[in-house]
Amino acid sequence: MNAPGPLRRQLVGLAAALAAGGVLLALPAATSDPAPGPKVATFAEVWPDSQPVEIPASLPDGPAYSPVHFLDARTSIGTAPSPEGTDLRLVLRAADGAIRELRRLPIADAPQFTGFARDGDQFAWAESTSGDDGAGRTELWTANLASAEPARRLTTDTGAVVFFNSQYDMVIHAGRLYWASAAPGEETATEIRSVALTGGPVSVRTEQGAWSISAYPWLASAGTGASGPVLLRNLDERKVIEVDATASELVTCSPTWCRVLVLASDGPGRIELMRPDGTSRQRVAGGVATAAIIDVAVLDRFEVVALSDAQRTATDSQQLLLYDVRDQRTVVVAEGSGLVLCRDGILWWSTGGSDITAWHALDLRTLR
């Protein structure tokens, strides 16, 4: 995040708030909440007709592969070095194993591909490099996944982009790509920027305060309850929702659900979910649980949770679970999971520890 002084601190606070589950919930369980969580079922018991798909951890030409987005459980977009190790590639990996290169950048420029968004066949991303002067630069690009046409640069006018590894870091709506940037100057403000997918000038709308983009047309504020009010702002209707939270709660919200970390006197007590208006409150897990991803209640139904203990490490021995909001039950998805990500209803995770041996993908949209 290349944000100026005060806003940088606000946005870092927002990132910490969004990730509160993943940081704070890993502490020992609070003694004030010894009750067990919801009954845990196995994946095979609940969804016997659905199984995760295993994806090789390397490409056919050798280098390690890291998926960053899935079209379905067998088709993904990801990054991999070139065989000679000089470039970082962004590639489309088809279900039959065929590889299409979308972009490549010199590894000497410290490249990063981030902020992925998809609408039908149109796929967009941000790419950052250190630049010849070391100052760094970010550009936005797009490619049509159904055609053989090369990727197109949309703009270099990105502002000081702010990404949180959320599926909403960039959003496509009505033919435009949206993202958030830190507004310049000393006053705390956020720029909501957009550009047409066909290219052209960038539109900038400034909102006072520190915000992140949620499901369009909503923004989520940096407040967590303990650190200030939790707000949701509708860009189209100029509507603001204030979410009630006590001083003992850390809250992260989408427009439909809020994750509540209830604090006890000696640490985290439990994770709960509730509607932004405070209704439909339900317990998800106790204090040994971790919110495995930034985004709250994927598909408005699944809260992705991980468990680890003193014999497990945070990188290769987590138990990965789904809390099903609709049916109010917890389901074990995998044992020994490492990295966990989720975008557009596809959940994926690594196994094998720091030397990743495989990736596994599960299309949550198929679970009935």
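**Quick notes on the side chain of Arg-100**
With respect to the secondary-structure elements, Arg-100 resides in strand S6 (residues 99–106). No salt bridge is formed by the buried Arg-100. Its closest oppositely charged neighbour is Glu-149, at 7.6 Å. A polar side-chain atom of Arg-100 sits 3.4 Å from the main-chain carbonyl oxygen of Leu-145. Ignoring any residue separated from it by four or fewer positions in sequence, one finds Arg-100 in contact with Leu-90, Val-91, Leu-92, Asn-144, Leu-145, Ala-146, Ser-147, Ala-148 and Glu-149.

**Some details on the confidence of the model for the protein chain**
Averaged over the protein chain, the pLDDT score is 87; the fraction of residues at 70 or greater is 86%. Considering only residues more than four positions removed or in separate chains, one finds that residues 1–36, a stretch of pLDDT under 50, has 92 contacts. The low-confidence segment residues 310–315, where pLDDT is below 50, has 9 contacts with residues more than four positions distant or belonging to other chains.

**As for the packing of aromatic side chains**
One pass over the full model with this rule turns up 6 aromatic pairs. With a centroid separation of 6.1 Å and an interplanar angle of 75°, the aromatic rings of Trp-47 and Phe-302 are classed as edge-to-face. Residue Trp-47 is found in the loop between helix H3 (43–46) and strand S2 (53–56), and its partner Phe-302 is found in strand S25 (residues 302–307); the two are separated by 255 residues along the sequence. For the pair shown, Trp-47 and Phe-302 are each scored as buried. A centroid spacing of 4.9 Å and a plane angle of 50° characterise the contact between Phe-70 and Trp-348, whose relative ring orientation is tilted. Of the two residues, Phe-70 is situated in strand S3 (residues 66–72) and Trp-348 in strand S29 (residues 346–351); the sequence distance between them amounts to 278 residues. Given a relative accessible area of 1%, Phe-70 falls into the buried group. Pairwise contacts between aromatic rings join Phe-43, Trp-47 and Phe-302 into one cluster. Above the face of the Tyr-65 ring, Arg-93 is positioned so that its terminal group lies 4.8 Å from the ring centre. Positioned above the aromatic ring of Trp-47, the side-chain terminus of Arg-329 is 5.8 Å from the ring centre.

Rules used in this analysis
- Residues numbered from 1 in each chain as written.
- Predicted model: local features only at pLDDT ≥ 70, side-chain atom pairs only at ≥ 80, totals over all residues.
- Heavy atoms only, no water.
- Helix = DSSP H or I, 4+ residues; strand = E, 2+ residues; numbered from the N terminus.
- Buried < 20%, exposed > 50% of the residue type's maximum accessible area, 1.4 Å probe, protein only.
- Lys, Arg positive; Asp, Glu negative; His and termini not counted.
- Salt bridge = Lys/Arg side-chain N within 4 Å of Asp/Glu carboxyl O.
- Polar contact = N/O pair within 3.5 Å; in protein donor to acceptor, adjacent residues only side chain to side chain.
- Contact = heavy atoms within 4.5 Å.
- pLDDT = per-residue confidence, 0-100.
- Phe/Tyr/Trp six-rings, centres within 6.5 Å; stacked < 30°, edge-to-face > 60°.
- Lys NZ or Arg CZ within 6 Å of the ring centre and 35° of its normal.

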